[in-house]
Amino acid sequence: MRKPIIAGNWKMFKTVSEAESFFTEVKGKAEVEGVESVICAPFTALPALVQAAKGTSIAIGAQNLHYEDNGAYTGEISGVMLKELGVKYVIIGHSERRAYFAESDAIVNKKIHAAFKHGLTPIVCVGEKLEEREAGQTKDVCKGQTEAAFEGLSAAQAAEVVIAYEPIWAIGTGKSSTAADAQDVIGYIRGIVAGLYGEATAEAVRIQYGGSVKPNNVAEYMGEADIDGALVGGASLEPASYIALVEGAK
Ligand SMILES: O=C(CO)COP(=O)(O)O
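Residues numbered from 1 in each chain as written. Predicted model: local features only at pLDDT ≥ 70, side-chain atom pairs only at ≥ 80, totals over all residues. Heavy atoms only, no water.

The protein chain appears in an unreviewed UniProt entry as Triosephosphate isomerase from Paenibacillus protaetiae. The annotation that UniProt attaches to the protein chain under Subunit (unreviewed entry) is "Homodimer." The UniProt entry for the protein chain carries the following text under Subcellular location (unreviewed entry): "Cytoplasm". (UniProt positions renumbered as here; feature names shortened; annotations may be inferred.)

All right, on to the site of the ligand then. Taken together, 13 residues form the shell around the ligand, and within it Lys11, His94, Gly172, Ser212 and Gly234 come nearest. Separating an oxygen atom of the ligand from a side-chain N or O atom of glutamate 166 is a distance of 3.0 Å. Take glycine 234: an N or O atom from its main chain is 2.8 Å from an oxygen atom of the ligand. When the free accessible area of the ligand is taken as 310 Å², the share hidden by the protein chains comes to 96%. Here the residues of the shell around the ligand are counted per class, giving 4 nonpolar, 7 polar and 2 charged. (Near = heavy atom within 4 Å. Polar contact = N/O pair within 3.5 Å; in protein donor to acceptor, adjacent residues only side chain to side chain. Areas by Shrake-Rupley, 256 points an atom, 1.4 Å probe, with all protein chains shown as cover. Nonpolar A, V, L, I, M, F, W, Y, C, P; charged D, E, K, R; others polar.)

On to the pattern of salt bridges. A complete count under the given rule lists 15 salt bridges for this structure. The partner of glutamate 36 in a salt bridge is arginine 206, and the shortest N-O contact between them spans 2.8 Å. Of this pair, glutamate 36 sits in strand β2 (residues 36-40) while arginine 206 sits in strand β7 (residues 206-210), and the two are 170 residues apart along the sequence. The class of arginine 206 is buried, set by a relative accessible area of 13%. In this structure, lysine 117 and aspartate 69 form a salt bridge, with 2.7 Å as the shortest nitrogen-oxygen distance. Taken together, the positions of lysine 117 in helix α5 (residues 105-117) and aspartate 69 in the loop between β3 (58-62) and α3 (79-85) put the pair 48 residues apart, joining distant regions of the chain. (Salt bridge = Lys/Arg side-chain N within 4 Å of Asp/Glu carboxyl O. Helix = DSSP H or I, 4+ residues; strand = E, 2+ residues; numbered from the N terminus. Buried < 20%, exposed > 50% of the residue type's maximum accessible area, 1.4 Å probe, protein only.)

Here we take up the pairing of β3. Taking burial as the measure, the 5 residues of β3 include 5 buried ones, the bulk of the element. In β3, alternate side chains face the same way, and those of Ile58, Ile60 and Ala62 on one face and Ala59 and Gly61 on the other are all buried. One ladder, built from 4 bridges, connects β2 with β3; its direction is parallel. Bridge assignment links valine 38 to a residue of β3, and that residue is alanine 59. In the classification by handedness, the crossover that spans β2, the intervening helix α2 (residues 46-53) and the parallel β3 is right-handed. Taken together, β3, α3 and strand β4 (residues 89-92) form a β-α-β motif whose crossover is right-handed. (Pairing = 2+ DSSP bridges. Right-handed = clockwise from strand over helix to strand, strands pointing away.)

Okay, here's the thing in structure tokens:
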């Protein structure tokens with residue numbers, strides 16, 4: 001059985017003090033038996049959140065990492081640094097990073113390898129642009145991104161990856177994919193993993209939907225056979241809404 005996973009992607013929101021007060025409010029509440037709860041915060045808030053999360057079941061994640069351990073990469077943060085902090089997850093290849101920071105499939109793949117090297121679990125984002133959806137290329141785009149992401153991973157590593165299917169046109173727009181549509185693509189992505197590693201690995205991989213997930217639609221997605229959780233932006237920023245998302249994933 002795959003454990004459902006709700007992950008909040010805070011993007012570039014919340015100072016350290018804002019993160020701390022958020023955590024105080026969700027502690028003990030965004031902790032539901034059988035659901036994994038993860039908060040992916042800006043780098044600056046990570047030390048305080050890791051500290052606050054001690055003794056809770058809430059895991060803390062970063063939103064990016066560099067693929068090298070160290071070096072002359074001004075402004076970057078490596079897996080070594082995240083591991084030392086006690087971070088468990090790291091989002092890799094979010095569409096905003098692909099679009100605004102020129103992250104290619106090859107870079108995404110290097111970052112996934114770096115995450116595993118340091119014992120971090122990658123949440124790997126894939127998804128099509130509006131033009132690609134309209135041109136009927138959704139599945140081809142997801143196939144290409146998924147195959148490139150998994151390049152060189154062992155079956156054991158592949159089984160640990162969390163994939164987030166985030167159609168770009170649904171991010172921050174309030175235009176969410178229907179649950180049936182998301183299931184169709186996510187089932188297809190699971191089939192891609194099966195083609196690469198076999199059925200057992202594909203059955204182990206957790207695949208989230210992301211894109212305008214809210215407390216009032218999360219249960220619909222969770223009701224689909226292949227959808228194992230959600231990667232949530234806007235609705236993860238308010239404590240009450242985040243708690244409702246985790247509760248809704250039961
Ligand atoms: O990009 C997202 C999560 O990574 C989705 O963002 P929204 O939930 O704000 O649409």
